[in-house]
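# Examination of the molecular architecture
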Amino acid sequence: MNTIILIRNRAINSARRILTSSSNSSIFRPPLLPHANDFLQPRLNLNHTNNHNPFRILGFQGFNVQCFSTSVETRVNENNFERIYIQGGVNVKPLVVESVVVKEEEESHVEKQAWKLLKDAVVTYCGNPVGTVAANDPGDKLPLNYDQVFIRDFVPSALAFLLKGDTEIVKYFLLHTLQLQSWEKTVDCYSPGQGLMPASFKVRTVALDGDTREEVLDPDFGESAIGRVAPVDSGLWWIILLRAYGKITGDYSLQERVDVQTGLKMILKLCLTDGFDMFPSLLVTDGSCMIDRRMGIHGHPLEIQALFYSALRCSREMLVVTDGTNDLVRAINNRLSALSFHIRQYYWVDMKKINEIYRYNTEEYSMDAINKFNIYPEQIPFWVMDWIPEKGGYLIGNLQPAHMDFRFFTLGNLWSIISSLSTPRQNEAILNLIEAKWDELVGHMPLKICYPALDNEEWRIITGSDPKNTPWSYHNGGSWPTLLWQFTLACIKMGRIELAQKAVDLAEKRLPVDSWPEYYDTRSGKFIGKQSRLYQTWTIAGFLTSKLLLKNPKMASMLFSEEDYDLLDICVCGLSKRGRKKCSRGAAKSQILV
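The name recorded for the chain in an unreviewed UniProt entry is Alkaline/neutral invertase, from Medicago truncatula. Quoted verbatim from the Function (unreviewed entry) field of UniProt, the annotation for the chain is "Invertase that cleaves sucrose into glucose and fructose." Regarding the chain, the relevant UniProt record gives this comment under Catalytic activity (unreviewed entry): "Hydrolysis of terminal non-reducing beta-D-fructofuranoside residues in beta-D-fructofuranosides."

Let us now look at the overall build of the chain. From N to C terminus, the chain includes 19 helices and 15 strands. Put simply, the chain has 594 residues, and 58% of those count as buried. Taking all contacts inside the chain whose residues are at least 6 apart in sequence as the whole, residues at least 24 apart take part in 72%. For the chain, the computed accessible surface area is about 26000 Å², with 51% contributed by carbon and sulfur atoms.

For strand β6 (residues 128-132), the tally of buried residues reaches 5 of 5 residues, placing the bulk of the element in the interior. As judged from the 4 bridges shared by strand β5 (residues 122-125) and β6, these two strands associate in the antiparallel manner. By the bridge assignment for β6, Val123 is matched with Gly131. Hairpin geometry of β5 and β6 is characterised by an intervening segment of 2 residues between the two adjacent antiparallel strands and by a positive phi of about 55° at Cys126.

Within a sheet, neighbouring strands are paired by backbone hydrogen bonds and run either parallel or antiparallel to one another. Pairing is antiparallel across the open sheet formed by 4 strands, whose spatial order is β10-β11-β12-β13. Pairing within the sheet leaves two strands with one partner each, and these edge strands are β10 (348-350) and β13 (450-451). In this sheet, strand β12 (residues 403-409) lies alongside strand β11 (residues 393-400) in antiparallel orientation, the contact comprising 4 bridges. From the neighbouring strand, Asn398 faces β12, where its bridge partner is Asp405. Across the sheet, helix α13 (residues 424-436) is in contact with β10, β11 and β12; its angle to β11 comes to roughly 105°.

It is worth spelling out a nonpolar patch on the surface at this point. Together, Tyr358, Phe382 and Met385 make up a nonpolar patch on the protein surface, roughly 380 Å² of accessible area in all. For Met385, the position within the fold is in helix α11 (residues 382-387).

One ladder, built from 8 bridges, connects strand β8 (residues 200-207) with strand β9 (residues 213-220); its direction is antiparallel. Counterpart to Arg204 in the pairing with β9 is Val216. In this structure, the hairpin formed by β8 and β9 is closed by a connection of 5 residues, where Gly210 is found at a positive phi of approximately 65°.

For the structure shown, the criterion picks out 21 aromatic pairs. Aromatic pair Tyr474 and Trp480: ring centres 5.4 Å apart, planes at 45°, arrangement tilted. For the residue pair Tyr474 and Trp480, the accessibility class agrees, reading buried in each case. Over the ring of Tyr474 we find Lys468, and its NZ or CZ is 4.3 Å from the ring centre. Over the aromatic face of Tyr146 sits the side chain of Arg533, whose NZ or CZ is 4.5 Å from the ring centroid.

A separate point is the sheet that holds β9. A sheet is described by the order of its strands in space; here 3 strands give the open sequence β7-β8-β9, paired in antiparallel fashion. A strand with exactly one partner marks an edge of an open sheet, and here the two such strands are β7 (149-150) and β9.

All right, on to the side chain of Asp405 then. Mapped onto the secondary structure, Asp405 falls in strand β12. Apart from the residues within four sequence positions on either side, Asp405 is in contact with Gly296, Ile396, Gly397 and Asn398.

Moving on: the confidence of the model for the chain. A low pLDDT score tells you not to read the predicted coordinates there in detail. Put simply, the chain has an average pLDDT of 82, and 77% of its residues get 70 or more. Low pLDDT (under 50) marks residues 1-103, which in the prediction has 211 contacts with non-local residues, meaning those over four places away or in another chain.

All right, on to the environment of Lys547 then. As for its position among the elements, Lys547 is in helix α18 (residues 537-551). For Lys547, a relative accessible area of 12% translates into the label buried. Taking the C-alpha atoms as reference, Lys547 lies 9.8 Å from Ala500; in sequence the two are 47 residues apart. Once you skip the residues sitting within four places of it in the chain, Lys547 turns out to touch Glu111, Val504 and Glu508.

Here we take up unusual backbone geometry. Cis geometry is adopted by the peptide bond preceding Leu447, which originates at Pro446 and carries an omega value of -5°. Topologically, Leu447 is positioned in the loop between α14 (438-441) and β13. Across the junction of Tyr451 and Pro452, the peptide omega takes the value -5°, indicating a cis bond. Assignment of secondary structure puts Pro452 in the loop between β13 and α15 (456-463).

Contact pair helix α4 (residues 168-180) / helix α5 (residues 233-249): the axes reach a minimum separation of 11 Å and the direction vectors enclose 145°. The handedness of the crossing between α4 and α5 comes out as left-handed. Residues Val170, Lys171, Phe173, Leu174, Thr177 and Leu178 of α4 form the contact with α5, whose participating residues are Trp238, Leu241, Leu242 and Tyr245.

On to helix α8 (residues 302-318). Its 17 residues give α8 an end-to-end C-alpha distance of 24 Å, which sits within 8% of 24 Å, the value for a rise of 1.5 Å per residue. Of all 17 residues that make up α8, 17 are buried, and the element is covered over most of its length.

Most of helix α16 (residues 484-493) sits out of view: 10 of its 10 residues are buried. Listed in full, the buried residues belonging to α16 are Leu484, Trp485, Gln486, Phe487, Thr488, Leu489, Ala490, Cys491, Ile492 and Lys493. The first or second residue beyond α16 is Gly495, which carries a positive phi of 70°.

Glancing now at the pattern of salt bridges. A side chain of one charge can pair with a side chain of the opposite charge if their charged atoms are brought near each other. One pass over the full model with this rule turns up 21 salt bridges. For Lys551, the salt bridge goes to Glu111, with nearest N and O atoms at 2.8 Å. With Lys551 in helix α18 and Glu111 in helix α2 (residues 109-120), this residue pair connects regions lying 440 residues apart in the sequence. A relative accessible area of 13% places Lys551 in the buried class.

Cut-offs and rules
Residues numbered from 1 in each chain as written. Predicted model: local features only at pLDDT ≥ 70, side-chain atom pairs only at ≥ 80, totals over all residues. Heavy atoms only, no water. UniProt positions renumbered as here; feature names shortened; annotations may be inferred. Helix = DSSP H or I, 4+ residues; strand = E, 2+ residues; numbered from the N terminus. Buried < 20%, exposed > 50% of the residue type's maximum accessible area, 1.4 Å probe, protein only. Contact = heavy atoms within 4.5 Å. Areas by Shrake-Rupley, 256 points an atom, 1.4 Å probe, with all protein chains shown as cover. Pairing = 2+ DSSP bridges. Axes fitted to C-alpha atoms, helices over the stretch in contact; angles between N-to-C directions. Patch = residues over 30% accessible without salt bridge, like charges linked within 9 Å, V, L, I, M, F, W, Y side chains within 5 Å. Salt bridge = Lys/Arg side-chain N within 4 Å of Asp/Glu carboxyl O. Phe/Tyr/Trp six-rings, centres within 6.5 Å; stacked < 30°, edge-to-face > 60°. Lys NZ or Arg CZ within 6 Å of the ring centre and 35° of its normal. pLDDT = per-residue confidence, 0-100. Left-handed = near helix turned anticlockwise from the far one by under 90°. Expected span 1.5 Å × (residues − 1).

Now the structure itself:
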């Protein structure tokens with residue numbers, strides 16, 4: 001495979017890129033994007049005022065979205081955030097990008113159908129593609145908000161386009177959603193924090209003077225959502241996609257733009273804001289992620305922690321090193337170290353760990369307490385004792401004082417593998433568990449969003465008798481085909497391609513016949529969901545992304561993160577002067593990683 005070597009030489013007043021390659025090289029060249037002056041500026045819904053937009057605060061009203069594109073100083077190194085390459089007084093960062101052309105193979109009839117459906121779901125704004133609608137069922141007369149572009153839902157669509165070589169739609173999406181960041185939306189006269197990314201947006205046409213009409217982008221920050229919950233994961237997904245864009249295309253200029261760097265820092269500052277919580281994990285409420293209804297995941301749900309960890313690692317690669325970002329980089333590394341230790345140590349369960357919990361002493365008061373969160377052994381559900389295999393394990397769904405949620409949440413566990421939040425040994429155990437419990441977690445359609453389902457009194461109390469989240473339906477144990485691409489990515493990372501291929505083959509037989517549903521119901525995922533939308537875009541995109549990754553597994557390395565052993569050597573306690581013991585990262589590494 002041919003290699004392109006990009007050497008970035010940055011002096012104080014100039015920045016140049018030198019591209020060297022073989023004259024006969026066959027390399028991936030992304031489509032040319034419009035000149036900065038040709039890029040149409042988005043307009044927001046004129047019915048809402050903006051008090052929080054950082055560019056308005058800076059006095060850049062009416063700016064063109066590309067006018068802030070500029071060269072930058074040294075990027076944070078992927079392996080050691082404090083390392084800066086200096087040669088002859090000039091900052092130098094060698095970057096090696098391998099050719100990323102996906103192997104041209106004959107597409108099946110199902111793949112061709114899926115690509116047509118995905119392209120039909122594309123939304124344009126001012127003549128440019130900016131995303132895909134959540135669902136595009138021509139027979140659906142009441143689409144609710146399924147006709148909007150969701151940040152979360154667009155990620156598999158974006159990856160499918162990127163892996164295919166179509167980069168334009170992803171770049172426009174990233175820039176336009178950035179413009180929507182922090183616009184004031186309120187619930188009961190209260191505005192969310194600065195840096196929040198919307199859950200979704202819709203292109204609307206509004207009438208101006210006379211017969212003139214103009215397109216506007218109308219974002220939803222949760223003020224219209226069921227439950228009125230702001231999305232915690234939108235900003236995290238945006239960061240993850242931003243890194244993926246650079247990795248796959250080799251074009252890092254988007255990351256380096258001043259407006260993008262500003263938006264990135266705003267998301268990070270919102271997530272890293274100090275509060276009352278004692279844990280390094282993010283404290284969030286029910287309904288703030290993919291499971292957007294009441295399902296008992298309030299507190300510190302695994303899904304958010306895994307995405308948070310991944311977004312922090314992605315940000316560390318993309319942040320520009322300046323005097324103004326040193327504190328932020330330090331905060332990121334401290335949080336990464338504490339979060340990885342916390343999740344690996346306290347969220348992990350296997351037969352050995354469950355037996356330890358089973359014998360816990362309670363009401364322990366000391367710095368050396370073993371049962372640190374006062375977990376009562378009676379909380380261990382009977383199903384988990386017989387369900388967990390001898391050679392498998394997983395990360396539990398939630399951890400709070402006196403509460404462990406032992407349910408298996410697929411997205412959180414898969415993304416822990418992808419981001420290396422879990423250890424290599426834990427990664428293997430998670431996939432071992434999925435393979436051993438294939439009938440329960442995959443069945444007729446991959447993959448269960450969580451296992452097991454809440455039922456009877458537990459369902460009535462925890463979900464509030466939610467008629468949509470009945471047992472083995474929707475978020476309550478339903479099967480979601482969109483999880484297929486993340487399962488494929490995790491399997492490729494761990495060298496278990498045959499497991500991913502088995503799941504993809506299963507989905508390929510049913511999805512086109514069933515009109516690409518949003519989710520499936522029943523214990524084994526045998527029936528199309530009772531309220532499932534058809535022609536669900538992220539179902540289609542998840543399938544296509546999985547197929548593309550399986551055809552060229554080397555591409556997967558651009559989307560996952562390897563283990564960072566340096567993180568376990570960073571002690572963030574720093575409280576020994578107050579008589580508190582420091583965490584032993586060396587001990588943690590020897591106990592967990594070996």
